[in-house]
Amino acid sequence: MAIFEYAPAPETVKAPIREQYGLFIDGKWIAPRDGRYFDTVNPATEETLARVAYAGDEDVDRAVRAARKAYDKYWRRMRPADRAKYVYRIARAITERSRELAVLETIDGGKPIKESRDFDIPLSAAHFFYYAGWADKLEWAMRAGEEPNPIGVAGQIVPWNFPLLMAAWKVAPALACGNTIVLKPAETTPLTALALAQIAAEADLPPGVLNVITGDGATGAALVGHPDVDKIAFTGSTEVGKAIQRSTAGSGKRLTLELGGKAAHIVFADAPMDQAIEGIVNGIYFNQGHVCCAGSRLLVEESVHEQIVVRLTDRIQTLRLGDPLDKNTDVGAINSKMQLDKIKELVGSGIDEGAILVQQSCALPERGYFFPASFFTNVQQSHRIAREEIFGPVLSILTFRTPEEAVEKANNTPYGLSAGIWTDKGSKNMYIAQYLRAGVVWCNTFNQFDPSSPFGGFRESGFGREGGVHGLREYLAH
Ligand code: NAI
Ligand code: MG
């Protein structure tokens, strides 16, 4: 039981939201050809926030044409140092509007305001700042004999878990390298991408350099299939990633895929335990577990299993679940009803297969989509909860006895996005890290990001990198 209750501390700034949004094509807000719109809701209240245009095939075509024209007419020809100024201006505008962008991200997607305020928005701005600096130094990213040429028109499809940040990861390097863009945000979280379009317009970005089209999977598929798109960058589910890879095969389109994960988070008995517990909590409950690199498979050395379970049981009781706009909230709303149903179904399978569920005992708000912070003990490697991406605040705890067993279990997954290791011994950290088949390995920390550091996976977590010079090269034809 909580020793004392925190008084409510709601964010009071209101984000400016229009009742209805058109498509941002060729520097203008335009109505969709066939007049279709859809609602985006606040998952914490189930209230409709705005009506958003649904881009059909013709709209996708208009957006790609605008991007092509802008590529040939302005963007590929512009002096790199001038291109940098635009990217820098966008970075500045994100910083200046960080508070209202944080509110938008939180009400449209459900994540706690302290996360959108302290993580999503500052890191989005940081990516624009970082890549602005690269625009006139691209030759330094090249290997001998390579020239830093842009690729052309990039189709960028982003998910709902980090809407502005995933857009920033893609838009910033693409612009810096001289590509033009058609960006498609996820259907449940379009508002910050639309705000980014507004920012681009106010930054005087030449028309057509960044186009933002809203819609669903069919809109995304039309963008992927458009013959005049030169590159697709996708972040989302492995299933859709595979479909995109199939449909672009043989087309000559460049492709990067950042897909799902089931990261192993390994805790050795000699770990600094107070920090490790916080690392575990951050690894799985950050953003309600809607994180592709979430530390969702906890592998603990058998001798400390009981201790960790006891401490985690206590710790999750202190997490505050509720209104995402409250600055004290740790666990916000699940992004959509669909995602909530998926989490419930997988948690049900865990119980049916014999795992033991521990949950924070708190009342869930009456409206909105919420799921308490949870973990499973008694988990077998064969359980679905140990193999499938839950994408919710649900951790599966398994044990190991030797470092070799930890590595073997960690790698026993079709995914390979991230991993974490906790041990007091630096040499053990390094030794284990080299055997983990994951794109990112965090040692004695978790979920650390920096624009200069590449991020990405392999196997079913996708390929290609975002961030750093690696992410830059994904937008250059060489
Ligand atoms: P999704 O992969 O369907 O959606 C991601 C984006 O792709 C959205 O913008 C969507 O409109 C678009 N999209 C959907 N179908 C497409 C297609 N055929 N061609 C092109 N674009 C398409 O993910 P969804 O359905 O929202 O979530 C399902 C599961 O995927 C989640 O439960 C989670 O496990 C996983 N997921 C993983 C993410 C990650 O960052 N690795 C992000 C989002 C979801
Ligand atoms: Mg929404």
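Residues numbered from 1 in each chain as written. Chains lettered and ligands numbered in written order. Predicted model: local features only at pLDDT ≥ 70, side-chain atom pairs only at ≥ 80, totals over all residues. Heavy atoms only, no water.

### Thoughts on the site of ligand 1
1) Next: Taken together, 26 residues are adjacent to ligand 1, and Trp160, Glu187, Ser237, Gln339 and Lys342 come closest.
2) Next: Taking Asn161, its side chain carries an N or O atom lying 3.4 Å from an oxygen atom of ligand 1.
3) Next: Between ligand 1 and Glu389, the relevant distance is 2.9 Å, taken from an oxygen atom to a side-chain nitrogen or oxygen of the residue.
4) Next: Compared with its free state, where it exposes 800 Å², ligand 1 has 86% of that area covered by protein. (Near = heavy atom within 4 Å. Polar contact = N/O pair within 3.5 Å; in protein donor to acceptor, adjacent residues only side chain to side chain. Areas by Shrake-Rupley, 256 points an atom, 1.4 Å probe, with all protein chains shown as cover.)

### Let's talk about the layout of surface pockets
1) Next: Quantified by volume, the largest pocket comes out at close to 1200 Å³.
2) Next: Per-element accounting of the lining of the largest pocket gives the leading share, six residues, to helix H8 (residues 238-248).
3) Next: In terms of residue class, the lining of the largest pocket is made up of 19 nonpolar, 14 polar and 11 charged.
4) Next: Both domain 1 (20-258 + 458-477) and domain 2 (264-443) contribute no fewer than three residues apiece to the lining of the largest pocket. (1 Å grid on protein atoms, 1.4 Å probe; cavity = no way out; pocket = protein on both sides within 12 Å on 5 of 7 lines; lining within 4 Å. Points joined across faces, edges and corners; volume = space filled by probe spheres on them. Helix = DSSP H or I, 4+ residues; strand = E, 2+ residues; numbered from the N terminus. Nonpolar A, V, L, I, M, F, W, Y, C, P; charged D, E, K, R; others polar. Domains from an automatic or database assignment.)

### Comments concerning the coordination of the magnesium ion (ligand 2)
Ideal coordination angles are 109.5 degrees for a metal with four donors arranged tetrahedrally and 90 or 180 degrees for a metal with six donors arranged octahedrally.
1) Next: The protein atoms that coordinate the magnesium ion (ligand 2) are Thr40 (OG1), Val41 (O), Asp108 (O), Asp108 (OD) and Thr188 (O), at distances of 2.1 to 2.6 Å.
2) Next: Mapped onto the polypeptide sequence, the residues donating to the magnesium ion (ligand 2) form the spacing pattern T-V-x66-D-x79-T. With Val41 in strand S4 (residues 37-42) and Asp108 in helix H3 (residues 98-109), the pair connects residues that are 67 residues apart, well separated along the chain.
3) Next: Given the relative accessible area of 1%, Asp108 is considered buried. (Donors = N, O, S within 2.8 Å, 3.2 Å for Na, K, Ca; no water. Buried < 20%, exposed > 50% of the residue type's maximum accessible area, 1.4 Å probe, protein only.)

### Description of the domain arrangement of the protein
1) Next: Along its sequence, the protein is carved into domain 1 (20-258 + 458-477) and domain 2 (264-443).
2) Next: Taking the mean C-alpha position of each, domain 1 and domain 2 sit 30 Å from one another.
3) Next: Of the residues lining the interface, 28 residues belong to domain 1; the matching set on domain 2 comes to 33 residues.
4) Next: Between domain 1 and domain 2, a total of about 2700 Å² is buried, with carbon and sulfur atoms accounting for 55% of that surface.
5) Next: At the boundary of domain 1 and domain 2, one finds one salt bridge.
6) Next: At the level of elements, H3 and helix H4 (113-134) are the ones that each hand at least two residues to the side of domain 1 that touches domain 2.
7) Next: The element best represented in the side of domain 1 that touches domain 2 is H4, accounting for five residues.
8) Next: Here the side of domain 1 that touches domain 2 is composed, by residue class, of 10 nonpolar, nine polar and nine charged. (Contact = heavy atoms within 4.5 Å. Buried area = accessible area lost by both parts, 1.4 Å probe. Salt bridge = Lys/Arg side-chain N within 4 Å of Asp/Glu carboxyl O.)

### A few points about the packing of H3 against H4
1) Next: Across the interface, H3 lies against H4 with an axial gap of 9 Å and an inter-helix angle of 120°. Judged on the interaxial angle alone, H4 and H3 are oblique. Relative to H4, the crossing made by H3 is right-handed. The residues of H4 that touch H3, namely those facing Ser98, Leu101, Ala102, Val103, Glu105 and Thr106, are Ile113, Ser116, Arg117, Asp120 and Ile121.
2) Next: Of the residues that constitute the contact of H3 with H4, the class distribution is five nonpolar, three polar and three charged. (Axes fitted to C-alpha atoms, helices over the stretch in contact; angles between N-to-C directions. Parallel < 35°, antiparallel > 145°, perpendicular 65-115°, else oblique. Left-handed = near helix turned anticlockwise from the far one by under 90°.)

### Things to note about helix H13 (residues 403-410)
1) Next: All buried positions along H13 are accounted for by Ala406, Val407, Lys409 and Ala410. Projected onto a plane normal to the axis of H13, the buried residues spread over an arc of 165° and lie on a single side. Seen from the open side of H13, the exposed residues pointing more than 90 degrees away from its buried face are Glu404 and Glu408.
2) Next: On the buried face of H13, the contacting elements are strand S11 (264-267), strand S12 (297-301), strand S15 (394-400) and helix H14 (426-435). (Arc of directions from axis to C-beta.)

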